[in-house]
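Topology and contacts: notes
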Amino acid sequence: MLYPQNSIDKLGFTEVKELISAHCLSPMGQQMVSRMQVMNNYEQIHKFLHQANEFKTILEHDAALPIYQLFDIKTLANKARIEGAFLSEEEFFQVHASLSTVFAVISYFNEREGRYTNLEALFEHLPIEKTIIKKIDLVIDAKGKIRPNASRELATITDGIARSEQEARKKIDQIFKNAAASGWTADGTLTIRDGRLCIPILAENKRKVRGFIHDESATGQTVYMEPEEVFTLNNRIRDLEFERRREIISILTTLTDELRPYVPLLLSYHGLLTKLDFVRAKALFAIDIEANMPQLVNEPGFRLTNARHPLLYLSFKKEQRTVVPLNVQVDESTRIIAVSGPNAGGKSVCMKTVGLLQLMVQAGLLIPADEQSTAGVFKQIFVDIGDDQSIESDLSTYSAHLSKMKNFVEQANSKTMILIDEFGTGTDPQFGGPIAEAVLEALNQKKVRGMVTTHYSNLKVFASNAEGLENASMLFDNVNMKPLYILEVGKPGSSYAFEIAQKIGLPQHVLNLAKNKIGTSQKKVDTLLVDLEREKKEIYDSKVQIDRQQRRVNELLKENEQLKSYLEENKKALMREAKQQAQSIITNANKLVENTISEIKSSQADRETTRQLRSNLQQELQKTKVKPEVKPAIATDDEIRAGDWVKLIDSDTTGQVLEVAKDNIIIAMGELRTVAKRKRVEKIARKDIPKEVRRSFAGSTGEVASFSPEIDVRGMRGEDALHAIEKLLDRALMMGVGSLKVLHGKGDGILRRLIRDYLKKYDQVGRMEDEHADRGGDGITYVYLK
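Values in this document were obtained by computation on a predicted structure and should not be read as measured data.

The next point concerns the side chain of Asp277. Following the sequence through the fold, Asp277 ends up in helix 11 (residues 263-288). When sequence neighbours within four positions are dropped, the list of residues in contact with Asp277 reads Cys24, Leu25, Ser26, Gly29 and Leu70.

Moving on, we come to the sheet that holds strand 3 (residues 196-202). Read from one edge to the other, the open sheet built from four strands follows the order 2-3-5-4, with strand pairing classed as antiparallel. Edge positions in the sheet fall to strand 2 (191-193) and strand 4 (211-216), since each of these pairs with one other strand and no more. In this sheet, neighbouring strand axes are inclined to one another by 50 degrees on average, regardless of whether the strands run parallel or antiparallel. In terms of strand pairing, strand 4 meets strand 5 (residues 222-227) through five bridges, oriented antiparallel. Bridged to Asp215 within strand 5 is Tyr224. Its contacts with the sheet place helix 9 (residues 152-181) against strand 3 and strand 5, and it is angled at close to 5 degrees to strand 3. Along the sheet, helix 10 (residues 228-259) contacts strand 3, strand 4 and strand 5; its crossing angle with strand 5, the most-contacted strand, is approximately 65 degrees.

On inspection of all chains with the given rule, the structure shows 27 salt bridges. With a closest N to O distance of 3.0 Å, Arg115 and Asp62 form a salt bridge. Of this pair, Arg115 sits in the loop between helix 6 (89-111) and helix 7 (117-120) while Asp62 sits in the loop between helix 4 (42-61) and helix 5 (73-81), and the two are 53 residues apart along the sequence. Given the relative accessible area of 47%, Arg115 is considered partly exposed. On the accessibility criterion, Asp62 (8% relative accessible area) is buried. Across the salt bridge formed by Lys760 and Asp757, the nearest N and O atoms sit 3.9 Å from each other. Through salt bridges that share partners, Asp62, Glu111, Arg112, Arg115 and Arg717 make up one connected network.

Below, the discussion takes up helix 15 (residues 429-445). Residues three or four positions apart in an α-helix share a direction because the helix packs 3.6 residues into each turn. Between the first and last C-alpha of helix 15 there are 24 Å, a value that for 17 residues agrees with the 24 Å anticipated at 1.5 Å per step. Listed as buried for helix 15 are Gly432, Gly433, Ala436, Val439, Leu440, Leu443 and Asn444. Angular distribution of buried residues about the axis of helix 15 spans 135 degrees; they occupy a single face of the element. Exposed residues on helix 15 whose side chains face more than 90 degrees from its buried face are Gln430, Phe431 and Gln445. Following helix 15 by one or two positions, Lys447 has its phi on the positive side, about 60 degrees.

The next thing to look at is the pairing of strand 24 (residues 780-785). Bridge count between strand 22 (residues 739-743) and strand 24: five bridges; the pairing is antiparallel. What sits directly across from Val742, in strand 24, is Thr781. As paired strands, strand 23 (residues 765-770) and strand 24 are joined by five bridges and run antiparallel to one another. Looking at strand 24, one finds that Glu769 is bridged to Tyr782.

All right, on to the nonpolar core then. Core analysis: the largest hydrophobic core is formed by 108 residues, its most contacted members being Phe55, Phe109, Tyr269, Val328 and Met360. With 15 residues, helix 11 is the single largest residue contributor to this core. In this structure, Ala338, Ile418, Ile420 and Ala436 belong to the second largest nonpolar core, which totals 21 residues.

Overall, the coordinates contain ten aromatic pairs when judged by the stated rule. Arranged with centres 6.0 Å apart and planes meeting at 80 degrees, the rings of Tyr3 and Phe382 form a pair that is edge-to-face. Here Tyr3 is found in strand 1 (residues 2-3), whereas its partner Phe382 is found in strand 11 (residues 380-384), with 379 residues between them in sequence. Of the residues examined, Tyr3 reaches a relative accessible area of 21% and is grouped as partly exposed. Grouped by ring-pair contacts, the aromatic residues Tyr108, Phe109, Tyr116 and Phe123 constitute a single cluster. Lying across the ring of Tyr224, Arg193 places its NZ or CZ 4.2 Å from the centre. For Arg308, the ring lying beneath its charged end belongs to Tyr313, and the centroid distance is 5.5 Å.

Bringing the sheet that holds strand 9 (residues 336-340) into the picture now. Pairing is mixed across the open sheet formed by seven strands, whose spatial order is 1-11-12-13-9-14-15. Two strands bound the open sheet, and with one partner strand each, they are strand 1 and strand 15 (482-489). As paired strands, strand 1 and strand 11 are joined by two bridges and run parallel to one another. Bridging across to strand 11, Leu2 finds its partner in Ile381.

Turning next to unusual backbone geometry. A cis amide bond links Tyr3 to the next residue, Pro4, at an omega of -15 degrees. Inspection of the secondary structure puts Pro4 in the loop between strand 1 and helix 1 (7-11). One non-glycine residue, Glu290, adopts positive backbone phi at about 55 degrees. If you check the backbone angles, Asn306 has positive phi at about 50 degrees while not being a glycine. Within the fold, Asn306 resides in strand 7 (residues 302-307). According to the relative accessible area criterion, Asn306 is partly exposed, its value standing at 27%.

Now for the pairing of strand 8 (residues 326-330). Side chains Leu326, Val328 and Val330 of strand 8 all project onto a buried face; the interleaved residues Asn327 and Gln329 project onto a face where none is buried. Both strand 7 and strand 8 contribute to a ladder of four bridges, which runs antiparallel. Its bridge partner being in strand 8, Arg303 is matched across the sheet by Gln329.

This part takes up the side chain of Asn444. Here Asn444 lies in helix 15. Apart from the residues within four sequence positions on either side, Asn444 is in contact with Arg335, Ile336, Ala466, Glu467, Gly468 and Leu469.

The next thing to look at is helix 11. Under the 1.5 Å per step criterion, the end-to-end length of helix 11 is 38 Å for 26 residues, consistent within 8% with the ideal 38 Å. Of all 26 residues in helix 11, 20 are buried, a share of seventy percent or more. Trailing helix 11 by a residue or two, Glu290 shows a phi angle of about 55 degrees, which is positive.

Right, let's talk about a nonpolar patch on the surface for a bit. Taken together, the side chains of Leu402, Phe431 and Ile435 define a hydrophobic patch exposed on the protein surface, amounting to about 260 Å² of accessible area. Structurally, Leu402 is set in helix 14 (residues 397-411).

Attention now moves to the confidence of the model for the protein. Of all residues in the protein, 86% have pLDDT values of 70 or greater, and the mean over the chain is 83. Across the protein, the secondary-structure element scoring lowest on mean pLDDT is helix 21 (residues 691-706), at 55, and the one scoring highest is strand 10 (residues 374-375), at 96. Predicted confidence is poor over residues 389-394, with pLDDT under 50, and the contacts of this stretch with residues over four places away or in other chains come to five contacts. Considering only residues more than four positions removed or in separate chains, one finds that residues 629-638, a stretch of pLDDT under 50, has ten contacts.

Turning our eyes to something else, we now look at the packing of helix 5 against helix 6. In contact at an axis separation of 10 Å, helix 5 and helix 6 are set at 125 degrees when each is read in the N-to-C sense. The angle between helix 5 and helix 6 falls in the class oblique. Here helix 5 runs over helix 6; the crossing is left-handed. For the pair helix 5 and helix 6, contact is made by Ile73, Leu76 and Lys79 and by Glu91, Gln94, Val95 and Ser98, respectively.

Criteria and thresholds
Residues numbered from 1 in each chain as written. Predicted model: local features only at pLDDT ≥ 70, side-chain atom pairs only at ≥ 80, totals over all residues. Heavy atoms only, no water. Helix = DSSP H or I, 4+ residues; strand = E, 2+ residues; numbered from the N terminus. Contact = heavy atoms within 4.5 Å. Pairing = 2+ DSSP bridges. Axes fitted to C-alpha atoms, helices over the stretch in contact; angles between N-to-C directions. Salt bridge = Lys/Arg side-chain N within 4 Å of Asp/Glu carboxyl O. Buried < 20%, exposed > 50% of the residue type's maximum accessible area, 1.4 Å probe, protein only. Expected span 1.5 Å × (residues − 1). Arc of directions from axis to C-beta. Core = buried A, V, L, I, M, F, W, Y, C linked by side-chain atoms within 4.5 Å. Phe/Tyr/Trp six-rings, centres within 6.5 Å; stacked < 30°, edge-to-face > 60°. Lys NZ or Arg CZ within 6 Å of the ring centre and 35° of its normal. Patch = residues over 30% accessible without salt bridge, like charges linked within 9 Å, V, L, I, M, F, W, Y side chains within 5 Å. Areas by Shrake-Rupley, 256 points an atom, 1.4 Å probe, with all protein chains shown as cover. pLDDT = per-residue confidence, 0-100. Parallel < 35°, antiparallel > 145°, perpendicular 65-115°, else oblique. Left-handed = near helix turned anticlockwise from the far one by under 90°.

Listed below in structure tokens is the structure:
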């Protein structure tokens, strides 16, 4: 139950419906949007939310759903139900097109069986009856016109018309030619008058040609005459045309009779198309407002995280402004939130955001909030926003408010949401405040959920002391005197009446006079609230800065630990390897010494043999000697140029220089491109390069020449398009290409947005922009690489 009924207008739900309706492809979908209601059945809401979310997933991440043409086949089916009635050629064409869409959609989901279960339920147990299409195909062609051979009689008549028209044309051409040769015709060619082919004859010569005058020119100097010889032929053609029309009606009547048994099935197909159009429109609107599906619970309450008012979001989006997100929670412990704060500080927008998002959820719409948000189900939603005074009902503004409060108190229960703006205003604050407090206490006793906004101090005090109520305030920058539009739960807010009045420019003596008229205690309370808010904002800003610094410290500590672990592992590995090498050297040295001694003894200290053995021992010693580190010569800009052959100092890898950029050198190694610091390479002569390396490089340069920086991903699925673009980007980066051209088409702009969001993740991408409007506009994206 929604009370009062105009609440959907005041909360903005009517505007939301209009925006969704604009996305519909058919009048049937628009009618379904107009009938959309706020529901309180959990199962229905759950089903509708999942359908919209699944369709949103298709639009963003899957191939396009084949919804091409939607027609109102319900009207056509009801027409075909009547005995003796028949559908026209155009109507049969609409039936054919709609059924083709139905079968394509069912085939689409059958290929993805199990992925979109809630959408599949729309056509569960719905048979595919292609007999209807086959019957229509025999009679109606692809352009929606009846086939000349739809029946034997029609083919004979059509052939007779063609022969008669050819004979008449040939006859009138001959007469026109003779008349022109005699100088009887006016300037011009054959023309049509009253559906008959006529010759333009000069008025003074009209009696020289036998025939019938159908028209004359404005000046009367030219008459348009149908020759007598052609008149009979044209009458015969007209008779054949009538016969053809009668035969076509007979064919269409027969086809309608064959279609009549399928009328119930056609109505089912119509229902499927209408629901698909409806869900598609909801999904497109969800993409427009960056909406998500909240977690739905079957109990009253909500927890909104980073929520945004959808209409405000769209308005700010056009102006390239950002909406401040709302975070608020209402549950069993915090049932009613009393929001206070300055005028124009965002209290009403905050409450309207809560109300509109709740209506959207209970209407089966996705909402602009984080996926972690929780939305409950309320049986009743009571709203008091704005001025409902009525001359007809003799109601003043305050009387209208009291009338609503009466209904709220009488009908509210624990499953009711209340939204009351400027609670208690419209009468003397001395009496309006206590009445508002009493109403709020009565509503709290009934355990209703919701939100109220107020400036009354007694309501702030009551909310601080009553169980189930919680104060909240809209933050205000009292240094710069501007609202921050951030809701902070836990404390009341000051109205900042004097501060705002001073900023607006109200004379100081008037302000002083006003301050003297308010009570001392009230002045102290308001001052304390202002000071408290200022201190809390300073604490909040400090906390944000500390959190940012702490995250940076944690990141540095993590990097340090990883580096330390890496060094420890490398140190152990190097020590182990060094010990193994040392052990091997000692073992080999011992064997060598023993062998040398043994051979000296066996040769009985022969001088030449001893000298040879000493030489062998010295050679083995040189093999294990540690060579001093030689620092590589740093190549200068004069030494290395594009086209030179170079070798990496710390390996035997060779390649050819493609480009020298400051301290970096881009090197081609076959198909691979790499960037090395100048000090890590040395120049080598071309003759020192193996032939097979030179041949592989020659092949890679040909590949560079054949490389195209353009790619066409139109018609691809999102995943396939991103894979193809990623491969092109890799090659472009290796080859040093400066820009890429991506043709993705316009459509709904989903593929374009998906590609751009994907490319933004690459640090190598500098910027992206659309092609010129005359050469494709936003259907083409230029990607400029750093």
